[in-house]
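Observations on the three-dimensional arrangement
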Amino acid sequence: MPRQDFRFASANPEALANLRSVLERSCVGVRLVLAGPPADVHAAASAVAECGLVDEEITLLCDEVGPRVIFCGHCHASTTTDHPIGTDVDCRGCATTLTFTDHFSRRVGGYLGFSAHAEEAA
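A few points on the structure. (Residues numbered from 1 in each chain as written. Predicted model: local features only at pLDDT ≥ 70, side-chain atom pairs only at ≥ 80, totals over all residues. Heavy atoms only, no water.)

**Some points on the sheet that holds strand β3 (residues 68-72)**
What counts here: In this description, strands pair whenever DSSP reports at least two bridges between them. Runs of E in the DSSP output that reach at least two residues are strands. Runs of H or I that reach at least four are helices, and both are numbered from the N terminus. Axis lines are fitted to C-alpha atoms, over the contacting stretch for helices. Their N-to-C directions set the angle, which ranges from 0 to 180 degrees.
If you trace the five strands from one edge of the open sheet to the other, you get β4-β3-β7-β6-β5, paired in mixed fashion. Two strands in the sheet have a free side with no partner beyond their single neighbour: β4 (78-81) and β5 (88-90). Across this sheet, the average inter-strand angle for adjacent strands is 45°, counted without regard to direction. With five bridges connecting them, strand β6 (residues 97-105) and strand β7 (residues 110-115) associate as antiparallel partners. Looking at the pairing, F100 lines up with G113 of β7.

**Quick word on the nonpolar core**
Selection criterion: In this text, buried Ala, Val, Leu, Ile, Met, Phe, Trp, Tyr and Cys residues form a nonpolar core when linked through side-chain atoms within 4.5 Å. Burial status follows relative accessibility: with a 1.4 Å probe on protein chains alone, a residue under 20% of its type maximum counts as buried, one over 50% as exposed, and anything between as partly exposed. Any two residues whose heavy atoms approach within 4.5 Å are treated as being in contact.
Counting residues in hydrophobic clusters, the biggest one holds 13 residues, and the most contacted among them are L34 and V48. Looking at this core, the elements that each hand over two or more residues are α1 (13-24), β1 (32-36) and α2 (38-50). Not counting chain neighbours up to four residues away, the residues in contact with V48 comprise L19, L23, L32, L34, L53 and I58. Counting residues in each nonpolar core, the second largest holds eight residues, with I70, V89, L98 and F100 among its members.

**Here's the deal with the pairing of β7**
Examined bridge by bridge, β3 and β7 share three bridges and lie parallel to one another. Paired with I70 across the strands is Y111, a residue of β7. Connecting β6 to the antiparallel partner β7 that follows it, the hairpin turn spans four residues, and G109 within it adopts a positive phi of roughly 70°.

**So, α1**
Heads up, the rule is: Here, expected helix span is obtained from the residue count minus one, scaled by 1.5 Å. The arc in question is formed by the directions pointing from the helix axis toward the C-beta atoms. Whenever a nitrogen or oxygen atom comes within 3.5 Å of another N or O atom, the pair is scored as a polar contact, on the condition that within protein one atom can donate a hydrogen and the other can accept it, and that pairs from neighbouring residues in sequence are kept only if both atoms are in side chains.
Between its first and last C-alpha, α1 extends 16 Å over twelve residues, near the 16 Å set by a 1.5 Å rise per residue. Among the residues of α1, A15, L16, L19, V22 and L23 are the ones counted as buried. Here the buried residues of α1 occupy an arc of 115° about the axis, which is enough to place them on one side. Turned more than 90 degrees away from the buried face of α1, the exposed residues are P13, E14 and E24. For α1, the secondary structure elements touched by its buried residues are α2. N-capping of α1 is provided by N12, with a side-chain oxygen placed 3.2 Å from the backbone N of E14.

**Side note on α2**
Under the 1.5 Å per step criterion, the end-to-end length of α2 is 18 Å for 13 residues, consistent within 8% with the ideal 18 Å. Directly after α2, the chain includes G52, whose backbone phi takes a positive value near 105°.

**With respect to the environment of D82**
Within the fold, D82 resides in the loop between β4 and β5. Judged by relative accessible area, D82 falls into the exposed class, the value being 60%. Separated by 16 residues in sequence, D82 and G66 have C-alpha atoms that sit 5.8 Å apart. Discounting residues that sit within four places of it in the chain, D82 has contacts with G66 and P67.

What follows is the structure, given as structure tokens:
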């Protein structure tokens, strides 16, 4: 079986465009392994999902440490943080203090963040 190694330092727009280009030339039955920091792996996973790959064709190997993307459920902005799962982070879009768990969305390429103090506001 043909094998192609495609490596990039970060999931910047140029690298993701190159990845999409490689996948456009791929055949049915392709298998893809994405490894690295969570923010880069998830950005690449979101890009390849747009190319039509399904979950069964993609293996994600995220480092335990590294930046994570938090998707704000209130304003839909993305905030990158090094904080561990279960902690609070301020949204860069609406400044809401968000809590995030291990609930990850491949569609948006980030962990779902929700208002940390919503119950106290009621």
